[in-house]
Amino acid sequence: MLPALAEGGSATRTPADNATVRTVYVIGPDKQIKAMISYPMSTGRNFDEVLRLVDSAQLTAEAKVATPVNWKPGEDVIILPAVQETEAKERFPAGWKAPLPYMRVVPQPAT
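The sections below set out a description of the structure shown in this document. Treat the numbers as computed from the prediction; the structure is a model and nothing was measured.

1. A word on the pairing of strand 5 (residues 97-100)
Okay, step 1: Here strand 5 pairs with strand 6 (residues 103-106) via 2 bridges, running antiparallel. Looking across to strand 6, one finds that leucine 100 is bridged to methionine 103.

Have a look at this one:
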């Protein structure tokens, strides 16, 4: 991605004009953008974070859970607050830990 004010083709722009902002787009199976991560040209992308984001997006699309900060595949996840108690009991019959009244923590479900 180039700055909006960059004019002309690549042959007529200076190296400073061609300084791109590198953006990683994560697109879901529903063809919707799920996340964007932007990096300046001088900074390399964190591929582990991109993979973690893709893993989280795939899991949360199917399981009605959210992944907490610094989550890694296989770690505990949080049941979405929008999931009612009766549905949560059906989806997670082994129960959950509730460190706060609105936070229900469960092992990562198999997808």
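2. Notes on the environment of leucine 59
Okay, step 1: Position of leucine 59 relative to the elements: it lies in helix 1 (residues 47-63).
Okay, step 2: Residue classification places leucine 59 among the buried positions, given a relative accessible area of 4%.
Okay, step 3: Distance in space between the C-alpha atoms of leucine 59 and proline 73 is 9.2 Å, their sequence separation being 14 residues.

3. Concerning a nonpolar patch on the surface
Okay, step 1: A contiguous nonpolar surface patch, about 430 Å² in accessible area, is contributed by Tyr25, Ile27, Ile33 and Met36.
Okay, step 2: Sorting the residues of the nonpolar patch by element identifies strand 1 (21-27) and strand 2 (33-40) as the ones contributing at least two each.
Okay, step 3: Examined against the element boundaries, isoleucine 27 turns out to sit in strand 1.

4. Focus: the sheet that holds strand 6
Okay, step 1: Reading across from one edge, 3-4-6-5 is the order of the 4 strands in this open sheet, with antiparallel pairing throughout. The open sheet has two edge strands with one neighbour each: strand 3 (65-66) and strand 5.
Okay, step 2: Here strand 3 pairs with strand 4 (residues 77-79) via 2 bridges, running antiparallel. Bridged to alanine 66 within strand 4 is isoleucine 78.

Rules used throughout
Numbering of residues starts from 1 in every chain and runs along the sequence as written. Given that this is a predicted model, residues contribute local features only at a pLDDT of at least 70 and side-chain atom pairs are listed and counted only at 80 or more, while totals for whole chains, interfaces and linings are drawn from all residues. Side-chain metrics rest on all non-hydrogen atoms present in the structure, leaving aside hydrogens and water. Here the rule is simple: two strands pair whenever DSSP picks up at least two bridges between them. Helix and strand definitions follow DSSP, with helices as H or I runs of at least four residues and strands as E runs of at least two, each counted in order from the N terminus. Burial classes follow relative accessibility: with a 1.4 Å probe on protein chains only, a residue under 20% of its type's maximum area counts as buried, one over 50% as exposed, and anything between as partly exposed. A patch consists of residues exposed above 30% relative accessible area that lack any salt bridge, with like charges linked at up to 9 Å and nonpolar side chains (Val, Leu, Ile, Met, Phe, Trp, Tyr) linked at up to 5 Å. Using a 1.4 Å probe, the Shrake-Rupley method yields the accessible areas, and only the shown protein chains count as cover for residues. Whenever Lys or Arg places a side-chain nitrogen within 4 Å of a carboxyl oxygen from Asp or Glu, that contact is recorded as a salt bridge.

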